[in-house]
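Fold and contact review
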Amino acid sequence: MGSITLKQVTKSFDDVNVIKPLDLDIRDGEFIVFVGPSGCGKSTLLRMIAGLEDTTSGTIEIDGKEATSVPPAKRGLAMVFQSYALYPHMSVRNNIAFPLKQAKVAPAVIKEKIEKAATMLNLTDYLDRKPGQLSGGQRQRVAIGRAIVRQPSAFLFDEPLLNLDASLRVNMRLEISQLHKSLDTTMIYVTHDQVEAMTMADRIAVFNGGIIEQVGTPLELYRKPVNRFVAGFIGSPKMNFIDVAPKPGDATHSLGVRPEHFKITTEQGLWQGQVGVVEHLGSETFLHVHVDHIGTLTVKADGDCQAVYGDQINLTAEQAKIMHFDKQGMTIPALSWGGESAA
Amino acid sequence: MATTQSRTLAKIMLFPSVSLLLAWMIVPLCMTLYFSFLDYNLLMPGDNEFIGFLNYEFFLTDPAFVESFFNTLLLVGGVLLITLCGGVGLAILLDEAIWGRNYVRMMVLAPFFVMPTVSALVWKNMFMNPVNGLFAHFAQWLGVTPVDFFAELPLLSIIVIVSWQWLPFAALILLTAIQSLDREQLEAADLDGAGPFSKFFYIVLPHLSRAVTAVILIETIFLLSVFAEILVTTSGGPGYASTNITYLIYTQSLLQFDVGGGSAGGIVAVIIANIVAIFLMRLIGKNLEN
Ligand SMILES: Nc1ncnc2c1ncn2[C@@H]1O[C@H](COP(=O)(O)OP(=O)(O)O)[C@@H](O)[C@H]1O
Ligand SMILES: [Mg+2]
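Numbering of residues starts from 1 in each chain and follows the order in which that chain's sequence is written. Each chain takes a letter, starting from A, and each ligand takes a number, starting from 1, following the order in which they are written. It should be noted that, the model being predicted, local features are given only for residues of pLDDT at least 70 and side-chain atom pairs only at 80 or more, the latter also being counted only at that level, while totals for whole chains, interfaces and linings use all residues. Excluded from the side-chain calculation are hydrogens and water; included are all heavy atoms of the structure.

What follows deals with the overall build of chain B. Elements are defined by DSSP. Helices are runs of H or I of four residues or more, strands are runs of E of two residues or more, and each kind is numbered from the N terminus. On a plain count of helices and strands, chain B comes out with 13 helices and zero strands. Reading the helices (α) and strands (β) of chain B from amino to carboxyl end gives α-α-α-α-α-α-α-α-α-α-α-α-α. Taken along its principal axes, the extent of the C-alpha atoms in chain B is 75 × 75 × 30 Å. Accessible area is worked out with a 1.4 Å probe on protein chains only. A residue is then buried under 20% of its type maximum, exposed over 50%, and partly exposed in between. By residue count, 40% of the 290 residues in chain B fall in the buried class. The long-range fraction of contacts in chain B, counting pairs at least 24 apart against all pairs at least 6 apart in sequence, stands at 69%. Surface summary for chain B: the accessible area is close to 16800 Å², and the carbon and sulfur share equals 73%. Whether two residues are in contact is decided by their heavy atoms: any pair within 4.5 Å suffices. For every accessible area listed, the method is Shrake-Rupley and the probe measures 1.4 Å; residues are considered covered only by the protein chains on display.

Okay, the side chain of Thr234(B) next. Residue and element names in this part refer to chain B. Within the fold, Thr234 resides in the loop between α11 (228-233) and α12 (245-254). The definition of a polar contact used here is a pair of N or O atoms within 3.5 Å, where within protein one atom must be able to donate a hydrogen and the other to accept one, and adjacent residues in sequence count solely through side-chain atom pairs. One polar contact links Thr234 to Ser242, side chain to side chain, over a distance of 2.7 Å. Once residues lying within four places of it in the same chain are set aside, the contact partners of Thr234 are Phe150, Pro154, Ile158 and Ser242.

Sheets are built from strands paired through backbone hydrogen bonds, the pairs being either parallel or antiparallel. All names here are of chain A. When DSSP finds at least two bridges between two strands, those strands are taken to pair. An order of β6-β7-β8-β3-β9-β10 is seen for the six strands of this open sheet, with the pairing classed as mixed. This sheet does not close on itself; its edge strands, each paired only once, are β6 (77-80) and β10 (211-216). On average, adjacent strands in this sheet sit at an angle of 15 degrees to one another, irrespective of strand direction. In this structure, strand β3 (residues 31-35) lies alongside strand β8 (residues 186-191), joined through five bridges in parallel fashion. What counts as an axis is a line fitted to C-alpha atoms, over the stretch in contact for a helix, and the angles between N-to-C directions run from 0 to 180 degrees.

Turning our eyes to something else, we now look at the interface of chain B and chain A. Taken together, the contact between chain B and chain A spans 17 residues of the former and 21 residues of the latter. Summing both partners gives a buried area of about 1500 Å² for chain B against chain A, and 58% of it is carried by carbon and sulfur. Considering only the side of chain B, the residues that lose the most area to chain A are Glu184(B), Leu191(B) and Asp192(B), jointly responsible for 43% of the buried surface there. Salt bridges are defined as contacts in which a side-chain nitrogen from Lys or Arg sits within 4 Å of a carboxyl oxygen from Asp or Glu. Joining chain B to chain A, the criterion identifies three salt bridges. Scanning the region where chain B abuts chain A turns up seven residue pairs in polar contact (both at pLDDT 80 or more). Secondary structure elements with two or more residues in the side of chain B that touches chain A: α9 (183-191) and α10 (196-223) of chain B. Buried area is understood as the total, over both parts, of accessible area removed when two parts are fitted together, assessed with a 1.4 Å probe.

As a further point, take the site of ligand 1. All names here are of chain A. Ligand 1 sits among Phe13, Val18, Ser38, Gly39, Cys40, Gly41, Lys42, Ser43 and Thr44. A distance of 2.5 Å is found between an oxygen atom of ligand 1 and a side-chain nitrogen or oxygen belonging to Thr44. Its residues assigned to classes, the shell around ligand 1 comprises three nonpolar, five polar and one charged. By convention in this text, a residue qualifies as near a molecule or strand provided that one of its non-hydrogen atoms is within 4 Å of it. Residues are grouped as follows: Ala, Val, Leu, Ile, Met, Phe, Trp, Tyr, Cys and Pro are nonpolar; Asp, Glu, Lys and Arg are charged; all remaining types, including Gly, are polar.

A separate point is the packing of aromatic side chains. Pairing of aromatic side chains requires ring centres within 6.5 Å, counting the rings of Phe and Tyr and the six-membered ring of Trp. Pairs whose planes differ by under 30 degrees are stacked, by over 60 edge-to-face, and all others tilted. Enumeration over the complete set of coordinates arrives at 28 aromatic pairs over all chains. A ring pair is formed by Trp123(B) and Phe135(B), whose centres lie 6.4 Å apart and whose planes are at 50 degrees; its orientation type is tilted. One end of the pair, Trp123(B), is in helix α5 (residues 116-127); the other, Phe135(B), is in helix α6 (residues 134-142), with 12 residues separating them in the sequence. Trp123(B) gets classed as buried once you look at its relative accessible area, which sits at 10%. Ring centres of Phe227(B) and Tyr250(B) lie 5.0 Å apart, and the angle between their planes is 75 degrees; on these two criteria the pair is classed as edge-to-face. Within this pair, whereas Phe227(B) is found in the loop between α10 and α11, its partner Tyr250(B) is found in helix α12, the two being separated by 23 residues in sequence. By way of ring pairs, the aromatic residues Phe31(A), Phe155(A), Phe157(A) and Tyr189(A) are connected into one cluster. In this scheme, the term charge over a ring applies when either NZ of a lysine or CZ of an arginine sits within 6 Å of the ring centre and within 35 degrees of the ring normal. Its end group placed over the ring of Tyr87(A), Arg146(A) keeps NZ or CZ at 4.6 Å from the ring centre.

Looking now at the domain arrangement of chain A. Residues and elements named next belong to chain A. An automatic or database domain assignment is the source of the domain bounds shown. Partitioning chain A into structural domains gives domain 1 (4-228) and domain 2 (238-335). Distance between the C-alpha centres of domain 1 and domain 2: 37 Å. At the junction of the two partners, domain 1 supplies seven residues and domain 2 supplies 11 residues. Together, the buried faces of domain 1 and domain 2 total about 750 Å²; carbon and sulfur atoms form 50% of this surface. Three residues, Tyr222, Pro225 and Arg228, lead the burial of domain 1 against domain 2; their summed loss comes to 75% of the area buried on that side. Linking domain 1 with domain 2 are one salt bridge, by the criterion used here.

Because an α-helix completes one turn every 3.6 residues, residues spaced three or four positions apart along the sequence face the same direction. Buried residues of α9(B): Gln185(B), Leu186(B), Glu187(B), Ala188(B), Ala189(B) and Leu191(B), and no others. Where the residues of α9(B) are buried, they touch α1 (42-50), β6, α2 (92-102) and α4 (136-148) of chain A together with α10 of chain B. One side-chain oxygen at the N-terminal end of α9(B) lies 3.0 Å from the backbone nitrogen of Glu184(B); it belongs to Asp182(B). Just beyond α9(B), the residue with positive phi is Gly193(B), at close to 85 degrees.

This paragraph deals with the packing of helix α8 (residues 154-179) of chain B against α10(B). Residues and elements named next belong to chain B. Where α8 meets α10, the axes come as close as 9 Å, and the angle between the chain directions of the two elements is 145 degrees. Two packed elements cross with a definite hand, and for α8 against α10 that hand is right-handed. Of the residues in α10, those touching α8 at Val162, Trp166, Phe169, Ala170, Ile173, Leu174, Ala177 and Ile178 are Val204, His207, Leu208, Ala211, Val212, Val215, Ile218, Glu219, Phe222 and Leu223. Here the residues of the contact of α8 with α10 sort into 16 nonpolar, one polar and one charged. Helix crossings fall into two classes, left-handed where the near helix is turned counterclockwise from the far one by less than a right angle and right-handed where it is turned clockwise.

Residue and element names in this part refer to chain A. The antiparallel open sheet is built from five strands, whose spatial order is β13-β17-β14-β15-β16. In the strand order of this sheet, the two ends are held by β13 (262-265) and β16 (295-302), each with one partner. When the angles between neighbouring strand axes are averaged without regard to direction, this sheet yields 45 degrees. Pairing geometry for strand β14 (residues 271-280) and strand β17 (residues 312-317), over four bridges, is antiparallel. Counterpart to Gln274 in the pairing with β17 is Gln312.

Next up on the list: the pairing of strand β11 (residues 240-243) of chain A. Residue and element names in this part refer to chain A. Here β11 shows a buried face lined by Asn240 and Ile242 and an unburied face lined by Phe241 and Asp243. Relative to strand β12 (residues 254-257), β11 is paired through four bridges, and the arrangement is antiparallel. Considered in β12, the bridge of Asp243 is made with Ser254.

Most peptide bonds are trans, and most residues other than glycine sit at a negative phi. All names here are of chain A. Looking along the chain, the bond that leaves Ser236 and enters Pro237 is cis, with omega of -5 degrees. Within the fold, Pro237 resides in the loop between α8 (228-233) and β11. The phi dihedral of Tyr84 falls on the positive side, at around 70 degrees, and the residue is not glycine. Secondary-structure assignment places Tyr84 in the loop between β6 and α2. Owing to a relative accessible area of 7%, Tyr84 belongs among the buried residues under this scheme.

The next subject is the packing of helix α4 (residues 101-109) of chain B against α8(B). Residues and elements named next belong to chain B. It is at 8 Å that the axes of α4 and α8 come closest, and there the two elements cross at 145 degrees. Counted together, Arg105, Val108 and Leu109 of α4 and Pro168, Leu172, Leu175 and Gln179 of α8 form the full contact between these two elements. When its residues are assigned to classes, the contact of α4 with α8 shows five nonpolar, one polar and one charged.

In structure tokens form, the structure reads like this:
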């Protein structure tokens, strides 16, 4: 069991309101990712769920039971910190055993659980080392091991991959996803990296300045962002925004086109521009195209794109996939991608 | 300092200060060593004959030596125990976010700035005096006979005075150590279900081990040579009950004008200090390594 319900929770540090009234339903067994720019309150909310920060107002329910002022240890949640927060003077074995010893579990049971966790996380050879003698990825796994043995009803991760190098990050991403599939336990995962969010999440909650802009599956957020912020935050490279002159009877204030939805055409298209920097990634090519009165557009083209610096090219986009935003930056669903089916 | 050139340069630059320090240490040591083999008394001008180990024999076979040796150990050990336990407690309290924390920290540090003679006098006259002292007043208020501290508990009284002086030092070092403890470790322990005692013994105390080692080593060096507090309060008495090695050397050499005997005592003190240092480094020195 591991469903968590937040009802109108807020958090203020002194006078600064960090979390605005916020509602969220986290379902049992799901992998939910909190994503948003730095300083938008993701960690704070996670720590409130863990019980490490007081809730200023509102209620937190865990498995349907009021838990707003329950102490952290009694909530049945486990957290993996960004710094790993391993106990430096204890061996890996004792680190993993610590929560069990605190819970007065029998030594034989502890031994068995450690062995199981170590096998699962490939830590068997390192059990007698100190955390200081491990690599970043191994420390990460010890932190996860310490969380697993408690059999929590939900795991909380706060930017766990931030301190790892890029290739290790991809590996650990996979391992954590794998872990979620095999444990089938609720996981709440905080990150500011939208790629992590898109690849791992069952559902994503996009944070901005202490509020949740939108909650949905990765594809929902990609296809039907509710506003410019979500549209710009989800997807890599970022969506291009093009301001348009307002027309009577049309609320459209700006258009949004994802780089992958541009087409380079030989005949006159919607836009014409001059190619700036060209980034060849092999499988695909990113062009930075300067368009008069609009600015620089990022265009994703095929890997064998021949355009070079200074070329004049024509761009067009599938009408159906262009997003329309009104003056407040809200999506106009009827005119945007997926709008037809919704309308 | 990575290249050979920069290392050589560093050696050249360090040479003057290192040689000055070495001379500073070696010359008095050699002179003391030399005097310790002479029959050299200021009251009896003469040839200052070479008398071999006679000075050492006198110093080491003096019954006062054994007593003051154990007094020295008791004094160092007692003060270390009090300042470390008290220091850890104070450091934890001062680490809490109390109102006016900075002023409290300044005040806690104050005893360290008071000269040993002054603090010993304050303790002697204002606290431990059997007639006018605060403790005597308190005892009378309770209806019990006041204790004459320096007559009845001379060594313990000195331990208390010296502890009072060194407590701030220990507290300050331990406080900075506590402040460097990663808060996330404590939060992780919270989530792991650790209570205050578990957190203290499994996380805070191991984290403090380096700082505790540093405090022990530094304090030991200074505590082996406690002198002013004894001179001002008990003058080593009654009998030799509060005489430590340092004070014994003073009574042997300066009071009897026996330079040779005092020097021999000094060399013995140096040897004892080195034995203690080696012992301590063996015991806890590995805590200082990473
Ligand atoms: N203990 C604290 N006291 C005061 N302000 C804090 C505290 N913790 C976080 N904040 C503020 O709350 C905001 C959100 O922080 P945080 O939740 O860490 O952001 P995120 O994890 O999304 O990057 C930041 O502006 C930060 O300065
Ligand atoms: Mg954060």
